[in-house]
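# Remarks on the overall topology
Here's the letter readout for the chains.
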Amino acid sequence: MKCYQKEIRLRPYVRGYHIITGDILQNMTEVKHIQQGMLQVFIKHTSASLTINENADPSVREDFESHMNVVVPENAPYYIHTYEGSDDMPAHIKSSLLGASVQIPITKGRLNLGIWQGIYLCEHRNNASGRNLVITAFGI
């Protein structure tokens with residue numbers, strides 16, 4: 001079995017949902033050496049998350065942001081953790097709802113995503129710095 005792992009830092013992104021599939025593949029070129037396996041991407045933050053969804057129409061990403069802001073509003077009167085701004089506690093909740101990692105099958109040296117799927121960085125903070133990802137590829 002082969003196993004490769006890297007930690008990368010993404011550039012800062014504005015609040016919203018951003019396709020980072022290319023960033024991941026650019027930094028983990030070893031995927032091409034795996035015929036059958038898995039790629040795991042883990043984000044080392046509690047106010048951003050990862051998910052897989054539509055990679056073609058940017059309005060999907062806009063709708064994600066709009067919907068999540070309705071589901072998890074800012075300035076809710078019941079938030080206690082408000083020290084870092086009105087977007088902080090909602091960012092933690094959104095991060096937990098969407099998750100800190102994704103796994104994608106690797107088949108014949110390529111990510112086995114659906115034709116319309118991409119990996120999203122879900123940035124939930126208004127003024128976030130770059131985000132750290134741990135990328136692990138393993139298989140035969």
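Chains are numbered independently. Their residues run from 1 in the order of the written sequence. Owing to the predicted nature of the model, reporting of local features is limited to residues with pLDDT of at least 70; listing and counting of side-chain atom pairs is limited to 80 or more, with chain, interface and lining totals taken over all residues. To get the side-chain values, take all heavy atoms of the structure and skip hydrogens and water.

### What about the layout of surface pockets?
- Both site types are read off a 1 Å grid over the protein atoms alone. A 1.4 Å probe that fits but cannot get out defines a cavity, while an open set with protein on both sides within 12 Å along at least five of seven lines defines a pocket; lining residues have an atom within 4 Å of a point. Grid points are joined across faces, edges and corners, and a volume is the space filled by probe spheres set on the points. Considering only enclosed or pocket space, the largest pocket measures out at about 170 Å³ in volume.
- Contributing to the lining of the largest pocket are 13 residues, with Thr21, Leu25, Arg110, Leu111 and Leu113 lying nearest its centre.
- Secondary structure counts use DSSP, requiring at least four H or I residues in a row for a helix and at least two E residues in a row for a strand, with both numbered from the N terminus. Those elements giving two or more residues to the lining of the largest pocket turn out to be helix 1 (21-27), strand 6 (110-111) and strand 7 (117-123).
- Split by residue class, the lining of the largest pocket holds 6 nonpolar, 6 polar and 1 charged. Ten residues, namely Ala, Val, Leu, Ile, Met, Phe, Trp, Tyr, Cys and Pro, are considered nonpolar, four, namely Asp, Glu, Lys and Arg, are considered charged, and the remaining ones, Gly among them, are considered polar.

### Some remarks on helix 3 (residues 88-98)
- Buried within helix 3 are the following residues: Asp88, Pro90, Ala91, His92, Lys94 and Ser95.
- What makes two residues a contact is simply this: any of their non-hydrogen atoms within 4.5 Å. Tucked inside the fold, the buried residues of helix 3 contact strand 4 (48-54) and helix 2 (58-71).
- Just past helix 3, the residue Gly99 takes up positive phi, approximately 110 degrees. To sort residues, take the accessible area from a 1.4 Å probe on protein chains only and compare it with the maximum for the residue type: under 20% means buried, over 50% means exposed, and anything in between is partly exposed.

### So, the pairing of strand 5 (residues 101-107)
- Residues Val102, Ile104 and Ile106 of strand 5 are buried on one face, while the alternating residues Ser101, Gln103, Pro105 and Thr107, pointing to the opposite face, are not.
- By the convention used here, strands pair only if DSSP detects at least 2 bridges between them. Examined bridge by bridge, strand 3 (residues 36-43) and strand 5 share 7 bridges and lie antiparallel to one another. Bridged to Gln40 within strand 5 is Gln103.
- In this structure, strand 5 lies alongside strand 6, joined through 2 bridges in antiparallel fashion. Within strand 6, the residue paired with Ile106 across the bridge is Leu111.
- The antiparallel hairpin formed by strand 5 and strand 6 contains 2 residues in its connecting segment, where Lys108 sits at a positive phi of about 55 degrees.

### Some details on the packing of aromatic side chains
- Ring pairs shown here join Phe, Tyr and Trp side chains whose ring centres sit within 6.5 Å, with only the six-membered ring taken for Trp; geometry is labelled stacked below 30 degrees between planes, edge-to-face above 60, and tilted in between. Tallied over the full model, the rule gives 4 aromatic pairs.
- Relative to Phe64, the ring of Tyr17 lies with its centre 5.2 Å away and its plane at 35 degrees, an arrangement referred to as tilted. One end of the pair, Tyr17, is in strand 2 (residues 16-19); the other, Phe64, is in helix 2, with 47 residues separating them in the sequence.
- Geometrically, the ring pair formed by Tyr78 and Tyr79 is edge-to-face, given 5.2 Å between the ring centres and 75 degrees between the ring planes.
- Its relative accessible area of 59% is what places Tyr78 among the exposed residues.
- Tyr79 gets classed as buried once you look at its relative accessible area, which sits at 13%.
- Taken together through their ring pairs, the aromatic side chains of Tyr17, Phe64 and Tyr120 make up a single cluster.
- Over a ring means this: the NZ of a Lys or the CZ of an Arg is within 6 Å of the ring centre and within 35 degrees of the ring normal. Above the face of the Tyr13 ring, Arg11 is positioned so that its terminal group lies 3.9 Å from the ring centre.

### Observations concerning the nonpolar core
- Throughout this description, the term nonpolar core refers to a set of buried Ala, Val, Leu, Ile, Met, Phe, Trp, Tyr and Cys residues connected via side-chain atoms within 4.5 Å. Membership of the largest hydrophobic core comes to 23 residues, with the highest contact counts inside it found for Ile20, Ile24, Leu39, Val41, Leu111, Leu133 and Ile135.
- Put simply, the parts of the chain that give this core at least two residues each are strand 3, strand 4, strand 5, strand 7 and strand 8 (132-139).
- Setting aside anything within four residues of it in sequence, one finds Ile24 in contact with Leu39, Val41, Ile119, Leu133 and Ile135.

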